[in-house]
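This is what each chain is made of:
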Amino acid sequence: QVQLVESGGGLVQAGGSLRLSCAASGRTFSSYAMGWFRQAPGKKREFVAGISWSGGSTYYADSVKGRFTISRDNAKNTVYLQMNSLKPEDTAVYYCNADRGPIAAGRDYWGQGTQVTVSS
C-alpha cells in the first residue's frame, strides 16, 4: 500500500513558476514509476509527466515539454514537478500517481490532488 500526498499548488500569474511535491509513504517507493496527471474543470484527467523508478527515464506530454521537469528523490520518497512559464491553460487539479508498471499509466495509487491556478 502506498499513500501519496501532494503539495505546492497555488495561484500564480502567467509566466510564473511553481514546484509541486508528492510525498509517498511506504518502503517500496523506489520500485514504482511515478507520474503527474491533471484534470481541468469539465475535462478528462490527462497525463502530464512521468519518471521511471530509477529516475533515469522521463517523459512528458507535448503540451508541457520544455516547460515542466519531473524528478524524484528516492531517499526522501518524494517526486517533484517543476513548472515554469505557466499558462492559463495549465490551470487544473494536479494528481500524483504511483504505478507498479514500467511507466506511470494511471494505475494503482493516487494522491488527493493539489490545485494550480494560473491567471492571465
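Summarised in this report is the structure supplied together with it. (Residues numbered from 1 in each chain as written. Predicted model: local features only at pLDDT ≥ 70, side-chain atom pairs only at ≥ 80, totals over all residues. Heavy atoms only, no water.)

If you walk through the whole model with that rule in mind, you get one disulfide. Between Cys22 and Cys96 runs a disulfide, and the two sulfur atoms are separated by 2.1 Å. Torsion about the S-S bond of the Cys22 and Cys96 cystine: about -85°, corresponding to left-handed handedness. One end of the pair, Cys22, is in strand β3 (residues 18–24); the other, Cys96, is in strand β9 (residues 92–99), with 74 residues separating them in the sequence. Cys96 shares its class with Cys22; the two are buried. (Disulfide = S-S within 2.5 Å. Helix = DSSP H or I, 4+ residues; strand = E, 2+ residues; numbered from the N terminus. Buried < 20%, exposed > 50% of the residue type's maximum accessible area, 1.4 Å probe, protein only.)

Turning our eyes to something else, we now look at the packing of aromatic side chains. In this structure the tally under the stated criterion is five aromatic pairs. Connected via pairs of aromatic rings, a cluster forms that spans Phe37, Phe47, Tyr59, Tyr95 and Trp110. If you follow Arg19 out to its NZ or CZ, it ends over the ring of Tyr80, 4.0 Å from the centre. Between Arg45 and the ring centre of Tyr95, over which it is positioned, the NZ or CZ distance is 3.7 Å. (Phe/Tyr/Trp six-rings, centres within 6.5 Å; stacked < 30°, edge-to-face > 60°. Lys NZ or Arg CZ within 6 Å of the ring centre and 35° of its normal.)

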